[in-house]
Amino acid sequence: MLLTITSTHQPAADLSYLLHKHPDKVHQIDLSTGSAYIFYPEVSAGKCTVCLLLDIDPIGLVRRSGGPRGNDFALEQYVNDRPYVASSFMSAAIVKAFSTAMNGRCKDKPELVSVAMPFEVQIAAIPVSGGEAVLKELFEPLGYTMELQRHPVDPAFPEWGESRYYTLTLKNILTVQQLLSHLYILIPVCDNDKHYWIGEHEIEKLLEKGKDWLATHPARALITMRYLKHQRSLANQAMEILLKDEISGEEAESGSENAEPEEKKRVHDLRLEAVRDELVQANAKTVVDLGCGEGKLLKLLLAEKQFETIVGMDVSYRCLEIAKDRLKLDKLPLAQQQRIRLMQGSLTYRDARIEGFDAAALVEVIEHLDEARLAALEKVVFRYAKPVDVVITTPNAEYNKKFDKLQAGQMRHSDHRFEWTRAEFQQWGNRIAEEYNYSVQYKPVGEEDAEVGALTQMAVFTTKQMIIGKNRFLSNAK
Amino acid sequence: MPNRNIHIPELSLVVLIGASSSGKSTFARKFFKPTEIVSSDHCRALVSDDENSLEASTDAFDLARFITAKRLKAGLLTVIDATNVQEGARKDWVRLAREYHVLPVAIVINMPEKLCSERNKTRPDRDLGGHVIPQQISQLKRSLRHLKLEGFRHIIEFRTPEEVDALEAIIRDPLYNNKKHEKGPLDIIGDVHGCYDELVALVKELGYENKDGLYQHPAGRKLVFVGDLVDRGPNTPGVLRLVMNQVHAGLAYCVPGNHDAKLLKWMNGKEVTIAHGLQESIDQLQQETPAFREEVKKFIDGLVSHYVFDDGKLVVAHAGLREEMHGRGSGAVREFCMYGETTGEIDEYGLPVRYNWAAEYKGKAMVVYGHTPVPEPQWLNRTIDIDTGCVFGGKLTALRYPEKELVSVPAAREYRVSKRPLHLNANAPLTLQQQHDDVLDLADVTGKHIVETAYGNKITIREENAIAALEVMSRFAINPKWMIYLPPTMSPSETSKLDGYLEYPTEAFEYYKTVGVEKVICEEKHMGSRVVVIVGRDEKAILQTFGIEKEGIGVVYTRTGRNYFNDKKTEQDFLLLVNNALERSGFYDRFQTSWVCLDAELMPWSAKAQSLLESQYGSVGAAATQGLSGAVEALQQAAVRNEAVLPLLEKYKLKKEQTNQFIHAYRRYCWPVHKLTDYKLAPFHILATEGKSWVDQSHEWHMENIQQLCEADPAVLMATPFRTVDLSDEASIQEATDWWLFLTAKGGEGMVVKPFHYIHTHKKGLVQPAIKIRGQEYLRIIYGPEYTTPENLNRLKSRALGAKRSLALREFALGVEALERFTRKEPLRRVHECVFGVLALESEPVDPRL
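What counts, and at which threshold
- Residues numbered from 1 in each chain as written.
- Chains lettered and ligands numbered in written order.
- Predicted model: local features only at pLDDT ≥ 70, side-chain atom pairs only at ≥ 80, totals over all residues.
- Helix = DSSP H or I, 4+ residues; strand = E, 2+ residues; numbered from the N terminus.
- Buried ≥ 20, exposed ≤ 12 C-beta atoms within 10 Å, placed from the backbone.
- Contact = placed C-beta atoms within 7 Å.
- Nonpolar A, V, L, I, M, F, W, Y, C, P; charged D, E, K, R; others polar.
- Pairing = 2+ DSSP bridges.
- Core = buried A, V, L, I, M, F, W, Y, C linked by C-beta atoms within 7 Å.
- Axes fitted to C-alpha atoms, helices over the stretch in contact; angles between N-to-C directions.
- Domains from an automatic or database assignment.
- Parallel < 35°, antiparallel > 145°, perpendicular 65-115°, else oblique.
- pLDDT = per-residue confidence, 0-100.
- Expected span 1.5 Å × (residues − 1).

So, on to the overall build of chain B. Counting secondary structure elements, chain B contains 29 helices and 37 strands. Once the C-alpha set of chain B is aligned to its principal axes, its extents read approximately 120 × 80 × 55 Å. Counting over 850 residues, chain B shows a buried share of 46%.

Dropping the structure here:
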């Protein structure tokens, strides 16, 4: 909310010419979310300090349409740090308040535009995602030296730890236009939270304001990604324009996935292929992917003519919508459309719709349920749905020690409720097999380490029960 | 003399048979409601815009069949108005009637050809060609004698227009199984199998007295026998004599069992395998007179497959009955009633494995049956098997209706050894219902749903909300067997008209006055987390009541059905403290229960909302403190050289002060938790104990009983201060208002105003069960630090409560319904649909600040 710019350039008053704001006045600028004020706390022969102070209307912020996307009714929006920190609102204010300077013009003293001056900038409160390391990564390549002070969440409760807010002081010698363009882009990049804009023209703004320095900035991928608020398609487009043939689409930041860094993609594909192979080998004609997520396995299954009926089920409606898009279900030829169906369902409720399939797959699903709720899952799958074959994969907890990023006892994903060792998984699987009259085999997925095994473990169950009158046995010559 | 009246069964599929222009449609219109008639002409018109289009016949038939099927499924008499002169056409209707277990009735309008042809000529729109009518009539005449063979149970023929004209009414006879007017009370007795002595003992035990050879009950109760009176036991004739006498005297009802039917077959000279105790019956009946044997034959032959009693609330059938067969009549129904269904498999004792129809039963009627001996009768989805294997040395059992009490007498001895040991699963830890409830069925919760509640009428759960609830329930919620209640959302009072206040007590009192509440209770509102606490005396109590094993002596869960505590051990240790307090205060004995479900607030707020506090409230405080300190400092500096910034300085000083107040407001609800006694539990409703939900008591009763409990462990349990307010007394209102001002001046959250009685209704139905009035400072946490600035407050004052209030009522009705269903020991799916509904409604978009 408060940006203070001090220059010791001589004569100090030059700054006010450059900024095109009279030092003895209080300037008010209207913003779509409130006002900004410009005033000068100090104008002396050797020093000039100018402040840009935002007065954001907290009520208007929430009521305004076209605000942050997502759940319009989340309480957090009403108790919001936006009025008090430097964020994309600050960028919007900079552009509006100092437009002439940003555009490299100065009516009265045009020669000043290209003069590099010593600047000291202070931002009273800036949220920084990634902390000091990110600040360094962003500002040091541009020649800044910094001082920073991090603030606790609440000094009355030291156990709550440090907040993400810093008071940041930056020093550098550069033109005012350079300074403002850096701040314009990097303030929201530090924040990496809600941006009250995102659209096609943002790319233009980014490219325009960063034209002289962004292409050579070592953190350009991070800057682009965050500035465009993780809109990967927009980000990729911008990177393409920026870097032409140097593009790398996978330079994303890690999300909530804790591990499996560069191996991630490869292992994930491997796992799905292993499951597909099991289903093919099982001679299944009708398959149901329980917990199909965004439909990656379904895509593999669709490619196999063997499967006549493919059903994807997930508890998350949002996932199913993504799956529908990814599989382009609406655009498939009719014959293909009739092979596949998506539906919302849960593995803790029995469901007549999943009964009678040749095979079911549960790929990285069970670990997302509380262990106590597995009692329901096993009945839903093995007592009621009763597929002939069931393929289940889950992380092998023993392998976790090979991940540097994971601390002992930490799990691979924030939503994992448990991760089992091979012995634990097999103990569970053996009991299931015994109780529901299935045979079971365990297989590693991925390269097997002599000591800790493979990254993923897989169990393949096959029923021992012959159910007369069910056509699946006719189709399943075993 | 032609008939003036004809009789047909009240639930039948009436197939009119007659040539074109024979007068079928006129006949149908005269004797049936327009909605009862499915006309082929009309269906033809619907699918082709031309009721004479022959090309449309196939589609028209499909449509007629579809409509008819829907009507029969709903149990509605239906008339097929089509020529139906060919057997092929009729066959489909008979098949459909059987599919829905209704009786097919043929009404033949067999008019002279001349009459039809003449009538046809007057219809210019229909040119049939000269050969059609004669051909139809000849087909009709050929059909006549086959109708019975085709499956028509009633055949009525009209040969002349005079006969048709003479008919005044078609009388609809109730089905024999329809005893809906019989409301009891009844005593339903399980399979007797010739155990005469035990039968007499049981009947006496039930309070019947033998007067003039008939057993009569002083309260006018009647006996109902589920069949299998005969075979295996020592005195089949004695049993038959008793039952026949009672039935003939109108003092009992009896449905046939498979043994009874087989005995009849044998008596009728049919070839039957003599096994399963038939020999005993044969031998014993040999000792009786031929007249008695004739009487037995007539009696068994006249037995009706099943009975529907008491407005459809009770169904009695020997082997039970699926819902879609209740009150229906068909061979399949009779078959099911006597033999049930088997899976086709044979168990290890060589007996057919019975298909468990009761596990899938979702009907509203109670179904009482026998047929399969069980060690103890157990309820499953409102059905109960009361065959306790008397003849196998078990006992003879009766179910009292409507009391649902079981009365039994032990067998004098084991007359016959059962192939399948009677006490096979006698010691299973879970009841049949609890085992069945281990897994809920998705079909009971997904899609658009309507839940009938006692206080809120029918509540609709929309599909999109069910979708959201399913995800939350599946991914985060605790074992659904715990979830017997979810608390409703609570509306704030109407917005205050006073300056500086968003909420103030006046509006809440006014609201209750306008809906006819005379007395309200004001309870201090605690700021923590809303929790539902279930505690049992021990794990055994939990197992018995909830059917939950190895999950401890209880649970603490949040308003979205999640575990409050992240680790089981802390939860159980905490519950142990509550349990001790319950024991010490004598609660369990006083309430004659071994468990309790409490509605409560668990503090501190920071214990559960830690991440919210750190990421949201604490962070905003930190950001605002830094940002505003910097601003005030810069403005002060600027003010030295430029007075123009002074107004701005004042503004930012105020913001800074508001930030301090905001931080102060949330800090009040935060304290570190190092040990169990750092938690404070403030219960405010005793929701349920064994067999009882306490929503019929006043809030004063709840507060007082809770106070008594809290005294047993003040270190953890916190009694809630409250005031009872007489709304006709201004002084009383003023006193409560002052109390609110006092509480909130200290920074308290405020208070909750509730009608004196837990449930209060007025002419428009339920009134708000509670209204919160939150304090000025507390509201900073909700509306942000700067909400009190007049320009902000004035804008915030325009807020709409309608959606929130409607939601609160619906959720309240569902929550109470869940509790009552649970305490009535209804199947879990019936409880779950209510709590699922609450969760689903919570996903409706409502301003979260309310």
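Here the narrative resumes.
This paragraph deals with the interface of chain B and chain A. Contact with chain B, which involves 52 residues of that partner, is made by 53 residues of chain A. Broken down by secondary-structure element, the contributors of at least two residues to the side of chain B that touches chain A are β23 (440–441), α16 (463–476), α22 (610–641), α23 (646–667), α26 (779–783) and α27 (790–796) of chain B. Residue composition of the side of chain B that touches chain A, by class: 28 nonpolar, 13 polar and 11 charged. Taken together, the 2 bridges between strand β11 (residues 349–350) of chain A and β23 of chain B define a ladder with parallel strand orientation. Bridged to Tyr349 of chain A within β23 of chain B is Leu440 of chain B.

Residues and elements named next belong to chain A. Its location among the elements puts Cys106 in the loop between α4 (99–102) and β5 (117–127). Owing to 21 C-beta atoms within 10 Å, Cys106 belongs among the buried residues under this scheme. Here the alpha-carbon distance between Cys106 and Leu18, two residues 88 residues apart in the chain, equals 5.7 Å. If sequence neighbours within four positions are ignored, Cys106 has contacts with Tyr17, Leu18, Thr100, Leu112 and Val113.

This part covers the nonpolar core. Ile126 and Ala361 of chain A are the most contacted members of the largest nonpolar core, which has 262 residues in total. Top element by residues in this core is α22 of chain B. It accounts for 11 residues. Not counting chain neighbours up to four residues away, the residues in contact with Ile126 of chain A comprise Val85, Ala86, Tyr165, Tyr166, Leu168, Ile187, Cys190 and Asp191 of chain A. Counting 61 residues, the second-largest nonpolar core is a separate cluster that includes Ala317, Val333, Val391 and Ala398 of chain B.

Further remarks concern the sheet that holds strand β19 (residues 379–380) of chain B. All names here are of chain B. An order of β8-β14-β15-β18-β20-β19 is seen for the 6 strands of this open sheet, with the pairing classed as mixed. Each edge of the open sheet is held by one strand with a lone partner, namely β8 (178–179) and β19. Pairing analysis gives 2 bridges linking β8 to strand β14 (residues 306–309), with the strands arranged parallel. Counterpart to Lys179 in the pairing with β14 is Phe309.

Attention now goes to the sheet that holds strand β22 (residues 405–410) of chain B. Residues and elements named next belong to chain B. Pairing is mixed in the open sheet, where 5 strands are placed in the order β13-β12-β9-β21-β22. Looking at strand neighbours, the two that pair on one side only are β13 (252–254) and β22, the edges of this open sheet. The mean angle between the axes of side-by-side strands here comes to 20°, regardless of whether they run parallel or antiparallel. Along the sheet, helix α10 (residues 236–248) contacts β12 (222–225) and β13; its crossing angle with β13, the most-contacted strand, is approximately 120°.

Attention shifts here to the domain arrangement of chain A. Interface size is commonly expressed as the accessible surface area that is lost when the partners come together. Assigned domains of chain A: these are domain 1 (2–197) and domain 2 (264–475). Between the C-alpha centres of domain 1 of chain A and domain 2 of chain A there is a distance of 50 Å.

Residues and elements named next belong to chain B. Burial of strand β30 (residues 595–603) is extensive: 9 of the 9 residues sit out of reach of the surface. Every second residue of β30 is oriented toward a common face, with Trp595, Cys597, Asp599, Glu601 and Met603 on one face and Val596, Leu598, Ala600 and Leu602 on the other, all of them buried. In the sheet, strand β28 (residues 529–536) pairs with β30 via 8 bridges, with the strands oriented antiparallel. Note on β30: the bridge partner recorded for Ser529 is Leu602. Strand direction decides the pairing type here: β30 and strand β31 (residues 680–689), joined by 8 bridges, are antiparallel. Counterpart to Glu601 in the pairing with β31 is Ala682.

Moving on: the packing of helix α6 (residues 176–191) of chain A against helix α8 (residues 220–227) of chain A. Each packed pair of helices is defined by two parameters, the angle between the axes and the distance between the axes. All names here are of chain A. Their axes nearest at 9 Å, the elements α6 and α8 cross at an angle of 80°. Here α6 lies roughly perpendicular to α8, going by the angle between them. Contacts between α6 and α8 involve Ile185, Pro188 and Val189 on the former and, on the latter, Ile223, Arg226 and Tyr227. Classifying every residue of the contact of α6 with α8 by side-chain character gives 5 nonpolar, no polar and 1 charged.

So, about helix α17 (residues 505–514) of chain B. Residues and elements named next belong to chain B. For α17, the full list of buried residues reads Pro505, Glu507, Ala508, Phe509 and Tyr512. Contacts made by the buried residues of α17 are with β27 (519–524), α25 (730–745), β34 (750–755) and β37 (771–774). Looking one or two places after α17, you find Gly516, whose phi comes out positive at around 80°.

On average, chain B scores 92 in pLDDT, and the residues at 70 or more come to 99%. Interface confidence for the predicted complex, given as ipTM, is 0.82, next to a pTM of 0.83.

Another aspect to go through is helix α28 (residues 802–823) of chain B. Residues and elements named next belong to chain B. Between its first and last C-alpha atoms α28 spans 32 Å; for 22 residues at 1.5 Å apiece the expected length is 32 Å, and the two agree. Of all 22 residues that make up α28, 19 are buried, and the element is covered over most of its length. Downstream of α28 by a residue or two, Lys825 has a phi angle that is positive, lying close to 60°.

Residue and element names in this part refer to chain B. The residue Phe476 is located in helix α16 in this model. Taking the C-beta count within 10 Å as the criterion, Phe476 has 16 such neighbours and is therefore assigned partly exposed. Between the C-alpha atoms of Phe476 and Asn563, which are 87 residues apart in sequence, the distance is 8.4 Å.

Take the domain arrangement of chain B next. Residues and elements named next belong to chain B. Splitting chain B by domain gives domain 1 (5–173), domain 2 (187–300 + 370–420), domain 3 (427–491 + 801–850), domain 4 (492–605 + 677–786) and domain 5 (607–667). When each unit is reduced to the centre of its C-alpha atoms, the spacing between domain 2 and domain 3 is 43 Å. A per-class count over the side of domain 2 that touches domain 3 returns 2 nonpolar, 2 polar and no charged.

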